[in-house]
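Take a look at the letters that make up each chain.
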Amino acid sequence: MNVPYTTLTEAFLASTSGEWKDKAYLKYKPKHGEPYREMTFAEFAARTRETFASFVRLGIRRGDRIAIISESRPEWLMADFAALALGAITVPMFPTLTAKQIEYIVHESESKILLVSNDLQFGKAIKVARECPLLETILIFNEQTNLDPSTAGIPVLHFTELIKISGSVLDFDREAQQAKPEDVITLIYTSGTTGNPKGVMLTHHNLLSNIIGATAVLPKIGPTDTALSFLPLCHAFERIAMYLFFVNGFTVGFAESVDTVAENLLEIRPTVMTGVPRFYERVYGRLMRMREKMPKLRRALFDWALRIGATNG
């Protein structure tokens, strides 16, 4: 398909209200070991609109920063698209960062809200809140915490409590339609520089140009496809891939972790999977170690299958 959008908010409004609205968008496991659950495009849209309304009631406005430190999960994407509609700027971070590294990014980006996934990340957020005077609220994706929220020194809310916040709300569609291609939508801090990480400003146009280019060279992808997502959503490549999947009507299943990809592949049975070279190097290395332990005949069959696979692309 062509990508007829100039902003990601246009894509959101079209994908969640058109022919795909009742189609499965996300597959996820609420807890490890549980079966996959599904969320349709329409259900995702409803939850995203609720998140948007809560951000508004919390005082977030166009241009404000929302920091996110969490593993991949539906709430991550809800917060992202809610911020897009509001014109706020997301600041995603790797869950492996230390409290000190998070503190620098939250402080430097002047983030007003910090979203965290679980107690591990909340423990870091408590330390961050003490050193970041512009940070106003911490939101926790998990419904429960074993840590004392009062130690943060600022309001702490669970994501499920957001809909209880009272106050006036802006119109989602009207705000979403105000987006312009040149609007900055995210700050991605990179460690690929000397000194402290630098925030890279990316716009709707920056990300959509990648999506348009990818769609042009992958013309057969579309709403009949299913993808398995295992890279963190804060990763620039995976973020673009997720938007690509969304724009093209994919069903996307979240892997539980990079260590469970093989197991989750059998459960999701994707037609598309994206990864970075290092992941495939690890897979190849594991296969080669397995090959060395094989009997001679089985090893010969393995080598033959490998050559056939390479020949067929």
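My aim in this report is to walk through the structure given alongside it, one point at a time. Given the structure is predicted, the values throughout are model-derived calculations rather than measurements.

1. Some words on the overall build of the chain
Okay, step 1: On a plain count of helices and strands, the chain comes out with 11 helices and 12 strands.
Okay, step 2: Taken against the 2.2 N^0.38 rule, which gives 20 Å for 313 residues, the C-alpha radius of gyration of the chain at 21 Å falls within 12% of a compact globule.
Okay, step 3: Reported as C-alpha extents along the three principal axes, the dimensions of the chain are approximately 70 × 40 × 40 Å.
Okay, step 4: Here the chain, with 313 residues, has 49% of them falling under the buried criterion.

2. A closer look at the nonpolar core
Okay, step 1: Ranked by internal contacts, the top residues of the largest apolar core, which has 61 residues, are Tyr25, Phe44, Phe55 and Leu115.
Okay, step 2: Ranked by residues supplied to this core, first place goes to helix H3 (residues 74-86) with 10 residues.
Okay, step 3: Counting 25 residues, the second-largest nonpolar core is a separate cluster that includes Ala129, Leu135, Ile140 and Ile154.

3. Here we look at the side chain of threonine 16
Okay, step 1: Structurally, the position occupied by threonine 16 is in the loop between helix H1 (8-15) and strand E1 (24-28).
Okay, step 2: Here threonine 16 is in contact with Lys21, Phe41, Ala42, Ala45 and Phe246, once residues within four sequence places are set aside.

4. A closer look at H1
Okay, step 1: Within H1, six of the eight residues are buried, which leaves it mostly tucked inside the rest of the structure.
Okay, step 2: Looking at the buried side of H1, the elements it contacts are helix H2 (41-57), H3, helix H6 (172-176), strand E8 (184-190), helix H7 (204-217) and helix H8 (236-247).

5. Some words on unusual backbone geometry
Okay, step 1: Residue glutamate 110 is not a glycine yet carries a positive backbone phi of 60°.
Okay, step 2: For glutamate 110, the location among the structural elements is in the loop between helix H4 (99-109) and strand E5 (111-116).
Okay, step 3: Positioned with a positive phi, arginine 269 is a non-glycine residue whose angle comes to about 50°.
Okay, step 4: With respect to the secondary-structure elements, arginine 269 resides in the loop between helix H9 (261-268) and strand E12 (272-273).

6. A short note on the pattern of salt bridges
Think of it this way: side chains of opposite charge can pair up when their charged atoms draw near.
Okay, step 1: Under the definition given, this model contains 12 salt bridges.
Okay, step 2: Aspartate 80 serves as the salt-bridge partner of arginine 239, at 3.1 Å between the closest nitrogen and oxygen. On the criterion of sequence distance, the pair formed by arginine 239 in helix H8 and aspartate 80 in helix H3 is long-range, its members being 159 residues apart. Of the two residues examined, arginine 239 and aspartate 80, each falls in the buried class.
Okay, step 3: The shortest N-O distance in the salt bridge between lysine 100 and glutamate 103 comes to 3.6 Å. You can see lysine 100 and its partner glutamate 103 sitting in helix H4, three residues apart, about one turn around the helix.
Okay, step 4: Under the relative-accessibility criterion, glutamate 103 is labelled buried at 17%.
Okay, step 5: Salt bridges linked by common partners bring Lys29, Glu256 and Glu267 together as one network.

7. Let's talk about a positive patch on the surface
Okay, step 1: Positive charge collects at one region of the surface, where Arg282, Arg286, Arg289 and Lys293 lie side by side.
Okay, step 2: The topology assignment puts arginine 286 in helix H10 (residues 277-292).

8. Quick notes on the environment of arginine 269
Okay, step 1: With a relative accessible area of 62%, arginine 269 lands in the exposed category.
Okay, step 2: With 27 residues separating them along the chain, arginine 269 and methionine 242 place their C-alpha atoms 17 Å apart.

9. So, the sheet that holds strand E10 (residues 226-229)
Okay, step 1: Strands sit in the order E2-E1-E11-E10-E12 across an open sheet of five strands; the sheet is mixed. Taken across any chain shown, the strands that pair with only one partner, and hence form the sheet edges, are strand E2 (37-40) and E12.
Okay, step 2: Examined bridge by bridge, E10 and strand E11 (residues 251-254) share four bridges and lie parallel to one another. Opposite serine 229, over in E11, you have phenylalanine 254 as the bridge partner.
Okay, step 3: Contacts from H3 reach E1, E2 and E11, with the element oriented near 135° to E1.

10. Overview of the packing of H4 against helix H5 (residues 119-131)
To characterise two packed helices, one gives the angle between the axes of the helices and the distance between these axes.
Okay, step 1: In contact at an axis separation of 9 Å, H4 and H5 are set at 45° when each is read in the N-to-C sense. Compared by their axis directions, H4 and H5 come out oblique. Every pair of crossing elements has a handedness; the one defined by H4 and H5 is right-handed. Where H4 abuts H5, its residues Ala99, Ile102, Glu103, Val106 and His107 lie against Lys124, Lys127, Val128 and Glu131.

11. Considering the packing of H2 against H3
Okay, step 1: Remark: H2 packs on H3, axes separated minimally by 8 Å, with the N-to-C direction vectors making an angle of 60°. Taken together, the axes of H2 and H3 lie oblique to each other. Judged by the sense of rotation from one axis to the other, the crossing of H2 with H3 is right-handed. Residues Phe44, Arg47, Thr48, Thr51, Phe52, Phe55 and Val56 of H2 pack against Pro74, Glu75, Leu77, Met78, Ala79, Phe81, Ala82, Ala83, Ala85 and Leu86 of H3.

Rules used in this analysis
- Residues numbered from 1 in each chain as written.
- Predicted model: local features only at pLDDT ≥ 70, side-chain atom pairs only at ≥ 80, totals over all residues.
- Heavy atoms only, no water.
- Helix = DSSP H or I, 4+ residues; strand = E, 2+ residues; numbered from the N terminus.
- Rg over C-alpha atoms; globule rule 2.2 N^0.38 Å.
- Buried < 20%, exposed > 50% of the residue type's maximum accessible area, 1.4 Å probe, protein only.
- Core = buried A, V, L, I, M, F, W, Y, C linked by side-chain atoms within 4.5 Å.
- Contact = heavy atoms within 4.5 Å.
- Salt bridge = Lys/Arg side-chain N within 4 Å of Asp/Glu carboxyl O.
- Patch = residues over 30% accessible without salt bridge, like charges linked within 9 Å, V, L, I, M, F, W, Y side chains within 5 Å.
- Areas by Shrake-Rupley, 256 points an atom, 1.4 Å probe, with all protein chains shown as cover.
- Lys, Arg positive; Asp, Glu negative; His and termini not counted.
- Charge placed at Lys NZ, Arg CZ, Asp CG, Glu CD.
- Pairing = 2+ DSSP bridges.
- Axes fitted to C-alpha atoms, helices over the stretch in contact; angles between N-to-C directions.
- Parallel < 35°, antiparallel > 145°, perpendicular 65-115°, else oblique.
- Left-handed = near helix turned anticlockwise from the far one by under 90°.

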